[in-house]
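The primary structure of each chain is shown beneath.
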Amino acid sequence: MAAFRDMEEVSQGLLSLLGANRAEAQQRRLLGRHEQVVERLLETQDNAEQRLREILAMEEEVAQSLLDAKERAHQGGVELQQLQEELQKAGEEDTRVKARLRQLTQELEELKEIEASLERQEREVDEDTTVTIPSAVYVAQLYHRISKIEWDYESEAGMVKGIHHGPSVAQPLHLDSTQLSKKFISDYLWSLVDTDW
């Protein structure tokens, strides 16, 4: 602003000089002062342009920083949402696993109760059979436990039928005693028995 005032003063001085028709020395002095003012004006203009470029560069940096910060915030928000979704899925899976675990625990308890009940019944049956079952029936049951053969008592006469429950698979038995010797049948049946006691 001071430069413009100086310029205005110089201009008015020139006008008064031209109007009053003064000496040449005064004119040179005013022209010199005018050149100084113009130089100061140009220098001020250059400084202002330089400052403006610096300000624009700083504004650009600030704007870029702001955009980068917004992008990071957006990415952080997306990651946070993904983590929340994963946390929710993990919570749902945890709930399902806990429910399944409770169910399996309950089934295990029921199976233990059934097992205990069967063991009690087996002990009672064992006690009853040792007291009341005649020795022939006991021998037949013992043979059944050892051989793991389930006999078909309703087969035709002369036929030996049943199912042998082996270690890996059940195998049907169908032997014709009219065509096979008793020794062969006995040897065959005993060959089915697992003797690794």
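Here, the structure is the one placed above.
Predicted model only: the values in this text are computed from it and were never measured.

*Asks:* Before we move on, can you summarise the overall build of the chain with the specific residues and values?
*Replies:* A count of helical and extended segments in the chain gives four helices and three strands. Per-residue burial for the chain yields a buried fraction of 11% across its 197 residues. With the model as given, the accessible surface of the chain reaches about 16600 Å², and the carbon-plus-sulfur share is 56%.

*Asks:* Any details on the pattern of salt bridges? Residues and values, ideally.
*Replies:* Counting across every chain of the model gives four salt bridges. Note that Arg-96 and Glu-93 form a salt bridge whose closest N and O atoms lie 2.5 Å from each other. In this pair, Arg-96 and Glu-93 both sit in helix H2 (residues 24-132), three residues apart, roughly one turn of the helix.

*Asks:* Residue-level account of the environment of Pro-167, with values.
*Replies:* Mapped onto the fold, Pro-167 is located in the loop between strand S2 (159-165) and strand S3 (170-176). Since its relative accessible area comes to 84%, Pro-167 is described here as exposed. Through-space distance from the C-alpha of Pro-167 to that of Lys-148 is 9.6 Å; in sequence the pair is 19 residues apart.

*Asks:* I'd like a rundown of the packing of aromatic side chains, residues and numbers included.
*Replies:* The way to describe two aromatic rings as a pair is by their centre distance and the angle between their planes. This model, assessed by the stated rule, comprises one aromatic pair. Note on Phe-184 and Tyr-188: the rings are 6.4 Å apart at their centroids and 15 degrees apart in plane angle, and the pair reads as stacked. Taken together, the residues span about one helical turn, with Phe-184 and Tyr-188 both in helix H4 (residues 182-191) at a distance of four residues.

*Asks:* Explain the nonpolar core to me, and be specific about the residues and the numbers.
*Replies:* Across soluble globular proteins, you tend to see nonpolar side chains buried next to one another. Core analysis: the largest hydrophobic core is formed by seven residues, namely Ile-149, Val-160, Leu-173, Leu-175, Ile-185, Leu-189 and Leu-192. Looking at this core, the elements that each hand over two or more residues are S3 and H4. When neighbours within four sequence positions are excluded, Leu-192 is seen to be in contact with His-164, Gln-171 and Leu-173.

*Asks:* Any chance you could break down the sheet that holds S2 for me, citing the residues and the numbers?
*Replies:* Through backbone hydrogen bonds, the strands of a sheet pair up, either in parallel or in antiparallel fashion. Across the sheet, three strands lie side by side as S1-S2-S3; this open sheet has antiparallel pairing. The two strands at the open ends of the sheet, each matched to only one other strand, are strand S1 (149-151) and S3. Between one strand and the next, the sheet's axes are offset by a mean angle of 25 degrees, whatever the strand orientation. Relative to S2, S1 runs antiparallel, the two sharing three bridges. By the bridge assignment, Trp-151 is partnered in S2 with Gly-162. Packing against the sheet, H4 makes contact with S1, S2 and S3, and its axis sits at approximately 175 degrees to S3.

*Asks:* Describe in detail the environment of Ser-147, supporting the description with residues and values.
*Replies:* When you line up the elements, Ser-147 lands in helix H3 (residues 135-147). When residues no more than four places from it in sequence are discounted, the contact partners of Ser-147 are His-164 and Val-193.

Reading guide: rules and limits
- Residues numbered from 1 in each chain as written.
- Predicted model: local features only at pLDDT ≥ 70, side-chain atom pairs only at ≥ 80, totals over all residues.
- Heavy atoms only, no water.
- Helix = DSSP H or I, 4+ residues; strand = E, 2+ residues; numbered from the N terminus.
- Buried < 20%, exposed > 50% of the residue type's maximum accessible area, 1.4 Å probe, protein only.
- Areas by Shrake-Rupley, 256 points an atom, 1.4 Å probe, with all protein chains shown as cover.
- Salt bridge = Lys/Arg side-chain N within 4 Å of Asp/Glu carboxyl O.
- Phe/Tyr/Trp six-rings, centres within 6.5 Å; stacked < 30°, edge-to-face > 60°.
- Core = buried A, V, L, I, M, F, W, Y, C linked by side-chain atoms within 4.5 Å.
- Contact = heavy atoms within 4.5 Å.
- Pairing = 2+ DSSP bridges.
- Axes fitted to C-alpha atoms, helices over the stretch in contact; angles between N-to-C directions.

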